[in-house]
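So you can see what is in the structure, the chains are spelled out below.
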Amino acid sequence: MTLTQGQPFNMVGMYAKANGAEGADVRKTNGSREVGAAADQGPRQRALTSMPTDDEQRPERSDRTLRHFTVHHEGVTIPVSRGGRGRPLILCPGLNSTQADLHELTELLRRDHDVVTFDLQGHGLASAAERYSFDAFLSDLFVVLAELDLPTAPMLVGYSLGADLAVHYAAERPDHVAELVLIDGANPLPEPFITETDLTEFRAMAEELARRQEAQQAPGSARQVLLTAQNIFDLNLEIDVVRSAILDRYRKLDHPIHMIMSTFIAGTGGEGRTPRHNQLWRAGIERLTRERPHISAFWLDTGHRLVFTHASEIAEIIRRTPLGRQADF
């Protein structure tokens, strides 16, 4: 595995922030059948930021406005943005991604949905934390949703780590979610993604990502990530453990669930650990859809950066879900 510009990291919770696009081939899987498909919790406090507030709405497009506020919990400040029209949709970013990074997908979704985005602690405009963990990020999602005054239960969309957070939230608050769309995450892997023989290489990749983030991101910017290489490495090991038990969470859910997955999460090379990781990624989803046949899976022939390289395809898949179709009124 190598770290190159425009290529995905072979790491379950991280991605390379790089420019570039790839052609897409979208396939939908229901259970074991694959067919072609067109690719068309602590005290909380809400505070205003220096960005436009609810009382200082700025026009975005025609009848839509974009509103910003912050949520404080356990010493952490979480910035939240909300805009669009239609049924509510919560977009949860992944590890090492920010709501600013997801701007293209967010804008597409706002055409048909009232979209809420936010930054996880240590990401973007959110404040740093003393310690980062899966449970800490999950608490961010809980407090954001608790502060929203939504007319109906939202569609919960999560990318990478954000998908895992969405599944855990829905399992604990099933009445607060109408539907889930999980993008290249929350995969119930049948065996560990990171083995003992992978540790040295994964640590090197985390160090490279941390160096790149520090060199490319201006301090205090909307795309800043404050995590160290050790934070990134430790979190990926933790996410691997979380996914080993996530099937139990799915068993608590009877919501409509749609998976949008990359076929080449580990890259396109045919040597080393790449084939095993790509096969393991598919095996986890096949395992899930066998046990939970109401879950649909869409496969894009690309890598883990699919939310950046294939935002339009992902937005169209979401639009075609039952709630997405209902949002077009």
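Remember, it's a predicted structure, so these values are computed and weren't measured experimentally.

**With respect to the overall build of the chain**
- From N to C terminus, the chain includes 10 helices and 12 strands.
- With an accessible surface of roughly 13,400 Å², the chain has 47% of that area assigned to carbon and sulfur atoms.

**Considering the nonpolar core**
- Counting 68 residues, the largest nonpolar core has Ile90, Phe118, Leu165, Leu182, Tyr250 and Met259 as its most contacted members.
- When neighbours within four sequence positions are excluded, Met259 is seen to be in contact with Leu182, Gly185, Ala186, Tyr250, Ile285, Leu288, Ile295, Ser296, Ala297 and Phe298.
- Judged by nonpolar contacts, the second largest core, of 23 residues, contains Leu91, Leu102, Leu105 and Val115.

**Comments concerning the packing of aromatic side chains**
- One pass over the full model with this rule turns up four aromatic pairs.
- Here the aromatic rings of Tyr132 and Phe137 are separated by 6.2 Å at their centres, their planes lie at 20°, and the arrangement is stacked.
- Looking at Tyr132, the relative accessible area reads 10%, which means it is buried.
- Note on Phe137: relative accessible area 1%, which makes it buried.
- Consider the rings of Phe193 and Trp281, whose centres lie 6.0 Å apart with planes at 75°: the pair is edge-to-face.

**Describing the packing of helix H2 (residues 134-147) against helix H3 (residues 161-172)**
- At their nearest, the axes of H2 and H3 sit 10 Å apart, and the two run at 65° to each other. Crossing hand, H2 versus H3: right-handed. Side by side, H2 and H3 meet where Phe134, Phe137, Leu138, Leu141, Phe142 and Leu145 of the first sit next to Leu161, Asp164, Leu165, Ala166, His168, Tyr169 and Glu172 of the second.

**Focus: unusual backbone geometry**
- Even without a glycine there, the phi angle at Glu74 is positive, about 50°.
- Examined against the element boundaries, Glu74 turns out to sit in the loop between strand S5 (64-73) and strand S6 (76-84).
- By relative accessible area, which is 55% here, Glu74 ends up exposed.
- A positive phi angle is found at Ala186, which is not glycine, with a value near 50°.

**A look at the pattern of salt bridges**
- The final tally for this structure, using the stated rule, is 13 salt bridges.
- Of the charged contacts in the structure, one is a salt bridge between Glu107 and Arg110, with a shortest N-O distance of 3.2 Å.
- Residue Arg110 is classed as buried on the basis of its relative accessible area, which comes to 4%.
- Put simply, Glu172 and Arg249 hold a salt bridge, and the shortest N to O gap is 3.5 Å. Taken together, the residues span a long stretch of sequence, with Glu172 in helix H3 and Arg249 in helix H6 (residues 247-250) at a distance of 77 residues.
- Judged by its relative accessible area of 36%, Glu172 falls in the partly exposed class.

**Brief notes about the side chain of Asn187**
- Mapped onto the elements, Asn187 comes out in the loop between strand S10 (179-183) and helix H4 (199-216).
- Within the local environment of Asn187, its side chain forms a polar contact with the backbone oxygen of Trp281, the two atoms lying 2.7 Å apart.
- Ignoring sequence-local partners within four residues, the contact set of Asn187 consists of Asp164, Arg243, Ile246, Met261, Trp281, Gly284 and Ile285.

**Notes on the pairing of strand S9 (residues 155-159)**
- Counted residue by residue, S9 has five buried out of five residues, so it is predominantly covered.
- Here S9 shows no split at all, with Met155, Val157 and Tyr159 on one side and Leu156 and Gly158 on the other all buried.
- Pairing analysis gives four bridges linking strand S7 (residues 87-92) to S9, with the strands arranged parallel. Counted as the bridge partner of Ile90 is Leu156 from S9.

Reading the values: rules and limits
Residues numbered from 1 in each chain as written. Predicted model: local features only at pLDDT ≥ 70, side-chain atom pairs only at ≥ 80, totals over all residues. Heavy atoms only, no water. Helix = DSSP H or I, 4+ residues; strand = E, 2+ residues; numbered from the N terminus. Areas by Shrake-Rupley, 256 points an atom, 1.4 Å probe, with all protein chains shown as cover. Core = buried A, V, L, I, M, F, W, Y, C linked by side-chain atoms within 4.5 Å. Buried < 20%, exposed > 50% of the residue type's maximum accessible area, 1.4 Å probe, protein only. Contact = heavy atoms within 4.5 Å. Phe/Tyr/Trp six-rings, centres within 6.5 Å; stacked < 30°, edge-to-face > 60°. Axes fitted to C-alpha atoms, helices over the stretch in contact; angles between N-to-C directions. Left-handed = near helix turned anticlockwise from the far one by under 90°. Salt bridge = Lys/Arg side-chain N within 4 Å of Asp/Glu carboxyl O. Polar contact = N/O pair within 3.5 Å; in protein donor to acceptor, adjacent residues only side chain to side chain. Pairing = 2+ DSSP bridges.

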